[in-house]
Amino acid sequence: MSTKDVPAQIGDLPPIGRPANSALIARGATTLMGVAALGERELLAMHGVGPKAVELLRRALREQGVELGP
């Protein structure tokens, strides 16, 4: 799937960019709780998910009272 076909924002995730969204969709993580279950190391290992996207996700999770795992 080309990133141009990926939505700019998915589920309740903050806008993190289409490459990161594409990687998360491929893993089935389309919600903040789905992302939290993956953890930081797994997110950073995904092609398209970089430190900036992880930090945006971490902030959104903190707003919900959830911490991103290692």
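Structure: see above.
Criteria and cut-off values
Residues numbered from 1 in each chain as written. Predicted model: local features only at pLDDT ≥ 70, side-chain atom pairs only at ≥ 80, totals over all residues. Heavy atoms only, no water. Helix = DSSP H or I, 4+ residues; strand = E, 2+ residues; numbered from the N terminus. Rg over C-alpha atoms; globule rule 2.2 N^0.38 Å. Buried < 20%, exposed > 50% of the residue type's maximum accessible area, 1.4 Å probe, protein only. Lys, Arg positive; Asp, Glu negative; His and termini not counted. Charge placed at Lys NZ, Arg CZ, Asp CG, Glu CD. Core = buried A, V, L, I, M, F, W, Y, C linked by side-chain atoms within 4.5 Å. Contact = heavy atoms within 4.5 Å.

(A) Geometry of the overall build of the chain. Across its full length, the chain holds four helices and zero strands. Ordered by position from N to C terminus, the α and β elements of the chain give α-α-α-α. Whereas a compact globule of 70 residues would reach a radius of gyration of roughly 11 Å, the chain reaches 11 Å, a difference of no more than 12%. C-alpha atoms of the chain, sized along the principal axes, occupy 35 × 20 × 20 Å. When burial is assessed residue by residue, the chain has 37% of its 70 residues classed as buried. Side-chain charges of the chain comprise 8 positive and 7 negative groups, with the mean position of each set lying 5 Å from the other.

(B) Representation of the nonpolar core. Counting residues in hydrophobic clusters, the biggest one holds 20 residues, and the most contacted among them are Leu13, Leu24, Val35, Leu43, Met46, Val49 and Leu57. Counting only elements with at least two residues in this core, the list comes to helix 1 (18-27), helix 2 (32-38) and helix 4 (51-63). Take this core: its biggest share by element is five residues, from helix 4. In this structure, methionine 46 is in contact with Ala23, Leu24, Arg27 and Leu38, ignoring residues within four places of it in sequence.

(C) The environment of lysine 4, seen in detail. As for its placement among the helices and strands, lysine 4 is situated in the segment before helix 1. When the C-alpha positions of lysine 4 and glutamate 42 are compared, they lie 24 Å apart, and in sequence the two are 38 residues distant.

(D) Structural view of helix 1. Among the residues of helix 1, those classed as buried are Ala20, Asn21, Ser22, Ala23 and Leu24. Where helix 1 is buried, its residues contact helix 2, helix 3 (40-45) and helix 4. Looking one or two residues past helix 1, glycine 28 carries a phi angle of roughly 80 degrees, positive in sign.

In short, geometric facts, not functional conclusions.
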